[in-house]
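# Structural features, examined
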Amino acid sequence: GESVGLHLPTLSVQEGDNSIINCAYSNSASDYFIWYKQESGKGPQFIIDIRSNMDKRQGQRVTVLLNKTVKHLSLQIAATQPGDSAVYFCAEDSAGNNRKLIWGLGTSLAVNP
Amino acid sequence: NAGVMQNPRHLVRRRGQEARLRCSPMKGHSHVYWYRQLPEEGLKFMVYLQKENIIDESGMPKERFSAEFPKEGPSILRIQQVVRGDSAAYFCASSYNSQGGTEAFFGQGTRLTVV
């Protein structure tokens, strides 16, 4: 089946730097995407979402970019902090009335002090 | 408003035993989703339920696995005759409707270990 995948399995950044986490998706019919953060031993936590009729959306310190032409999604974290260390997943909301998130494998972000 | 509550947090079962995982959705949420996560992998959809109804169980194995969401009480994911391959983290999420774009809130998960 179609799936969502990630370019980089691990990312190490210095505290204060900006982080960019990338994601590729293969279902061109998908119209909604979500980034989740998962800390060790915890459930996924919603970060930010974007619909396919947008190419950029900003939150607090985070920005999601969507490039439908190449089916690429990215999460930008500004001024990365130690508390940002976690695994980040992009998820794709399947078409239809039912909501079944299709998840990528995840990128582990390590923030060095 | 308490979040999604799952219990137990950790569950150890011997091969052949039954595992029962519970999920209480957020207040006001009537849509529940169960996901399974293997180590270092993303979550995999298992089943989607509304009160008293299974809407989509396409991600759930046909044998040994069942789910329910009764009118009163938590949603239950039941695994009969567990095998080592069932060891994983099981997450429950809830939302107030099923429309695309509605945020689902996740519980802390139940980590099942089959010995």
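About the cut-offs
- Residues numbered from 1 in each chain as written.
- Chains lettered and ligands numbered in written order.
- Predicted model: local features only at pLDDT ≥ 70, side-chain atom pairs only at ≥ 80, totals over all residues.
- Heavy atoms only, no water.
- Helix = DSSP H or I, 4+ residues; strand = E, 2+ residues; numbered from the N terminus.
- Buried < 20%, exposed > 50% of the residue type's maximum accessible area, 1.4 Å probe, protein only.
- Contact = heavy atoms within 4.5 Å.
- Areas by Shrake-Rupley, 256 points an atom, 1.4 Å probe, with all protein chains shown as cover.
- Phe/Tyr/Trp six-rings, centres within 6.5 Å; stacked < 30°, edge-to-face > 60°.
- Core = buried A, V, L, I, M, F, W, Y, C linked by side-chain atoms within 4.5 Å.
- Polar contact = N/O pair within 3.5 Å; in protein donor to acceptor, adjacent residues only side chain to side chain.
- Pairing = 2+ DSSP bridges.
- Axes fitted to C-alpha atoms, helices over the stretch in contact; angles between N-to-C directions.
- Buried area = accessible area lost by both parts, 1.4 Å probe.
- Salt bridge = Lys/Arg side-chain N within 4 Å of Asp/Glu carboxyl O.
- Nonpolar A, V, L, I, M, F, W, Y, C, P; charged D, E, K, R; others polar.

## Comments concerning the overall build of chain A
Scanning chain A for helices and strands turns up 0 helices and 11 strands. Residue burial in chain A is summarised as follows: out of 113 residues, 42% are buried. Residue pairs at least 24 apart in sequence account for 53% of intrachain contacts in chain A once pairs closer than 6 positions are excluded. When the accessible surface of chain A is summed, it comes to about 5500 Å², and 47% of that surface belongs to carbon and sulfur atoms.

## Some remarks on the packing of aromatic side chains
All names here are of chain B. For the coordinates displayed, the defined rule picks out 10 aromatic pairs over all chains. Look at Y33 and Y48: their rings are 4.7 Å apart centre to centre, the planes differ by 10°, and that puts the pair in the stacked class. A residue pair is termed long-range when its members are at least 10 positions apart, and Y33 in strand β4 (residues 31-37) and Y48 in strand β5 (residues 43-50) qualify at 15 residues. Each member of the pair, Y33 as well as Y48, is classed as buried. A centroid spacing of 6.0 Å and a plane angle of 75° characterise the contact between Y35 and F45, whose relative ring orientation is edge-to-face. Of this pair, Y35 sits in strand β4 while F45 is found in strand β5, placing the two residues 10 residues apart along the sequence. Using a relative accessible area of 1% as the deciding quantity, one classes Y35 as buried.

## A closer look at the nonpolar core
Within soluble globular proteins, side chains that are nonpolar generally end up buried alongside one another. Core analysis: the largest hydrophobic core is formed by 23 residues, its most contacted members being B:W34, B:M46, B:L77 and B:Y90. When residues of this core are traced back to their parent elements, those giving at least two are β3 (19-24), β4, β5, β7 (65-68), β8 (75-79), β9 (88-95) and β11 (110-114) of chain B. In this view, B:M46 contacts B:W34, B:Y35, B:R36, B:D56, B:E57, B:S58, B:G59, B:M60, B:P61, B:F65, B:L77 and B:Y90; residues no more than four positions away in its chain are not counted. Core analysis: the second largest hydrophobic core is formed by 20 residues, A:V13, A:C23, A:V62 and A:L73 among them.

## Focus on the side chain of B:S94
All names here are of chain B. With respect to the secondary-structure elements, S94 resides in strand β9. Reaching out from S94, the side chain makes a polar contact with the side chain of H29 at a distance of 2.7 Å. Residues contacting S94, with those up to four places away along its chain left out, are V4, P25, M26, H29, H31, V32, Y33, E103, A104 and F105.

## A word on the pairing of β8(B)
All names here are of chain B. When you tally the buried positions in β8, you get 4 out of 5 residues, the bulk of the element. When β3 meets β8, the two strands line up antiparallel, connected through 5 bridges. Following the sheet pairing, C23 is matched in β8 by S75. Two elements, β7 and β8, share 4 bridges in a ladder whose sense is antiparallel. Directly across from F65, in β8, lies its bridge partner I79. Taken together, β7 and the strand that follows it, β8, pair antiparallel across an intervening segment of 6 residues, in which G73 is found at a positive phi of about 100°.

## Remarks on the sheet that holds β3(B)
Residue and element names in this part refer to chain B. Pairing is antiparallel in the open sheet, where 4 strands are placed in the order β1-β3-β8-β7. This sheet does not close on itself; its edge strands, each paired only once, are β1 (5-7) and β7. Here the strands of the sheet are splayed against their neighbours by 15° on average, with no regard to which way each runs.

## Concerning the interface of chain A and chain B
For an interface, size is often stated in terms of accessible area lost upon the parts coming together. Facing 20 residues of chain A, the contacting portion of chain B comprises 25 residues. Regarding the contact of chain A and chain B, the summed buried area is about 1800 Å², with carbon and sulfur atoms giving 48% of it. The interface formed by chain A and chain B contains 0 salt bridges. Remark: the boundary between chain A and chain B carries 4 residue pairs in polar contact (both at pLDDT 80 or more). Within the residue set of the side of chain A that touches chain B, elements represented by two or more residues are β4 (32-38), β5 (45-51), β9 (86-93) and β10 (101-103) of chain A. Classifying every residue of the side of chain A that touches chain B gives 8 nonpolar, 6 polar and 6 charged.

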